[in-house]
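# Secondary and tertiary structure notes
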Amino acid sequence: METDLRLESSLWIGNKRYRAVLTGWHLKWTEADKKNGDKKTVSVPVAEVVGVENGRVEILPQKSVEDTDKDFTGGRSRSTYGLLWSLGRTQFSCPSRVLRDQWTNHLRTALKTHSPLRPHRLLVFINPFGGKKKGREIYHSLVAPLFELAGISSHVIVTERANQARDHLLKKDLTGFDGVVCVGGDGMFSEVLHGLIGRTQQEAGLCETDPAVTLQPCPLHIGIIPAGSTDCVCYATVGVIDPVSSALHIIIGDSQPLDVCSVHHASTLVRYSVSLVGYGFYGDVLAESEKHRWMGPLRYDYSGTVVYLSNRSYAGIVQYLPADPLLSSPKDKTRCLSGCNVCSRSTERLFPHTSDSGSLYSSHFSQYSNDSEGEWVSVEGRFRCVSITCMSSSCARSPLGLSPSAHLADGTGDLILVWDTHPLSFLKFLYRHTSTQDQFDLPFVEVHRVKAVRFSLPDGREEEVHEGIGELNRAIGGEEREYVDTVSRNGSQQQLAQSVVERETMNEHKTVAPILCGLCCKKTPAVSVWNCDGEILPFTEIFCRIHGQLVRLYARGIEDAAAMQNCSQESDKNKSRCITYK
Ligand SMILES: Nc1ncnc2c1ncn2[C@@H]1O[C@H](COP(=O)(O)OP(=O)(O)OP(=O)(O)O)[C@@H](O)[C@H]1O
Ligand SMILES: CCCCCCCCCCCCC/C=C/[C@@H](O)[C@H](CO)NC(C)=O
Ligand SMILES: [Ca+2]
């Protein structure tokens, strides 16, 4: 294969002559008319070539093609500064048209051969109302031209309502698509996540509602073009919020597996999460921020302040199933970076090459109370917040995230327990998220690497929940119903998932009732709500299980930014070698 693709000839870039060689994995060109010691070589891995077109092509900001006989243009993804990528474009001139055609054909074949995960056809959902409402503009001006250069055909749907993307993925024909791209924020990603996981389980005949079932990993990749308010999933898997960098990761077919947490209540599936399942502070902030959506991304800062000042803590019982402490620890001060060893070893553990793949986990979860690999641990008390995160959950506000040493794809989540404490101590904890100071190095904070978590209220608290809701309903004239009514009325799992989401909207006043009581009626509520990747859950008592590597993103994890930055400070010669061979 390597020898079939090899091609070598003289090429011109501008008025300089180069000796160019395609070796299969790399395209290299070396200055031809200089003494050996002064010759510079540029080496581009074929895997990072975006596309090749005949003629002299300009791509951004607007595409233009000058159709010449002997020229071709190559686009490559290039690290401009640290984790930020841009499109590098080089126009080559050949001695003849025949040679030009040979170059473009060889390069295109090399792309197919050496980057098997490159998408050919993508389904794109744009949320026109996410973040600063720039989704459409971002896609059409920054992303579509790159997809076109890469020869990717995309079917674009601009959503007209919430949950349209999820419903489409659950019901419509997806034949021929290699991946699904969402242009929006974490909420839009969550829609795609639910649609794809649900569809995959439907087709595999698996019951999503049963937490003991080993779910089937999704065959389609997910790409995220960030255009939301927090864009935490993009930040934590790419390292920057930049639509062009994300588009380039999609084009070259980068593949990053991701753990997913399924959240259940009384034998029903409530939602999936990849980032934060948080009770207490983070739940309250979300509930408060929903009232101020009009503020855009600023609503979180405003609500964070309001909730902090209301100084709340909540009683609860947390039970958790610890992960194997020999594999990794949330306090080991490591970072999950591109090519992470802990995640790679987990791939072998999660998908062993046996005929009975997944058996380890299905047997492991068949009896929660009698687990053979570890014992459930139970703690009870008052908490400022209880958070479960499958990944670091880093974002612009908190560059190292909720749990800086969490792994994207190790099959575990980190449980962070913040016990009730003095308001200033809690502020210290929050503030440490914005710096490199260790937020776990505080006497009222615990962190555990876990496989499953159960949260329940101390005896008698459920009644207080209903009292709180009743109180508010009486105040606003709503009617009181049991949560579980709606759940038991639905037969199929898919209807169930949908009904839960729809019910959240319908009964929002009930789910946020305790919070509103706290803020408006100046009464500290007995219970908080759960924030599940930016959505409020309609239940307080939940069970969470982490499913290792259930989905794959078009991303490669965080590259070691320090190394990349050192790279960009080196000489040109070293720079190209460093970026190329890293
Ligand atoms: N056309 C639409 N009209 C109304 N809501 C929509 C539409 N399309 C998608 N949505 C919903 O909008 C919600 C928020 O969208 P999105 O996540 O893109 O932006 P965001 O909330 O600003 O960002 P983030 O989630 O990163 O904080 C999502 O939960 C999604 O279900
Ligand atoms: C006095 C300084 C206080 C600063 C407090 C900073 C705390 C930042 C922690 C940010 C964590 C973000 C976790 C991500 C959650 C997402 O899943 C979710 C959906 O987008 N976002 C939100 C805001 O709930
Ligand atoms: Ca994880």
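Residues numbered from 1 in each chain as written. Chains lettered and ligands numbered in written order. Predicted model: local features only at pLDDT ≥ 70, side-chain atom pairs only at ≥ 80, totals over all residues. Heavy atoms only, no water.

If you check an unreviewed UniProt entry, the protein chain appears there as Zgc:158263 from Neolamprologus brichardi.

What follows concerns the packing of helix 8 (residues 281-290) against helix 9 (residues 299-310). At a minimum axis separation of 8 Å, helix 8 and helix 9 run at an interaxial angle of 125°. By the angle class used here, helix 8 and helix 9 are oblique. Where helix 8 crosses over helix 9, the two elements pack in a sense that is right-handed. Counted together, Phe281, Asp284, Val285, Leu286, Glu288 and Ser289 of helix 8 and Arg299, Tyr300, Tyr302, Ser303, Gly304, Val306, Val307 and Tyr308 of helix 9 form the full contact between these two elements. Taken together, the residues of the contact of helix 8 with helix 9 break down into eight nonpolar, three polar and three charged. (Axes fitted to C-alpha atoms, helices over the stretch in contact; angles between N-to-C directions. Helix = DSSP H or I, 4+ residues; strand = E, 2+ residues; numbered from the N terminus. Parallel < 35°, antiparallel > 145°, perpendicular 65-115°, else oblique. Left-handed = near helix turned anticlockwise from the far one by under 90°. Contact = heavy atoms within 4.5 Å. Nonpolar A, V, L, I, M, F, W, Y, C, P; charged D, E, K, R; others polar.)

With that settled, the discussion passes to the site of ligand 1. Near ligand 1 lie 23 residues; those nearest to it are Gly131, Gly185, Gly187, Glu191 and Ser229. Contact distances for ligand 1 include 3.2 Å between a nitrogen atom and a backbone N or O atom of arginine 161. Within the backbone of glycine 185, a nitrogen or oxygen atom sits 2.7 Å from an oxygen atom of ligand 1. In isolation ligand 1 offers 630 Å² of accessible surface; the protein chains occlude 86% of this area. (Near = heavy atom within 4 Å. Polar contact = N/O pair within 3.5 Å; in protein donor to acceptor, adjacent residues only side chain to side chain. Areas by Shrake-Rupley, 256 points an atom, 1.4 Å probe, with all protein chains shown as cover.)

Here helix 9 spans 17 Å end to end across 12 residues, near enough to the 16 Å set by a 1.5 Å rise per residue. Arg299, Tyr300, Ser303, Gly304, Val307 and Tyr308 are the residues of helix 9 that are buried. Taken down its axis, helix 9 places every buried residue within 150° of arc, on the same side. For helix 9, the elements touching its buried residues are helix 8 and helix 12 (423-432). Asparagine 311, located one to two residues past helix 9, shows a positive phi value of around 50°. (Expected span 1.5 Å × (residues − 1). Buried < 20%, exposed > 50% of the residue type's maximum accessible area, 1.4 Å probe, protein only. Arc of directions from axis to C-beta.)

Near ligand 2, the surroundings consist of 14 residues, among which Asp186, Thr230, Ser275, Tyr300 and Asn531 are the closest. Burial of ligand 2 by the protein chains amounts to 80% of its free accessible area of 650 Å². Residues belonging to the shell around ligand 2 are distributed by class as follows: seven nonpolar, five polar and two charged. Each of domain 2 (117-253) and domain 3 (260-457 + 528-547) gives at least three residues to the shell around ligand 2. (Domains from an automatic or database assignment.)

Glancing now at the confidence of the model for the protein chain. Mean pLDDT for the protein chain: 84, with 81% of residues reaching 70 or above. Across residues 354-372, where pLDDT falls below 50, the model places 30 contacts with residues more than four positions away in sequence or in other chains. Segment residues 566-582 is flagged for pLDDT under 50; beyond a separation of four residues in sequence, or across chains, it makes 19 contacts in the model. (pLDDT = per-residue confidence, 0-100.)

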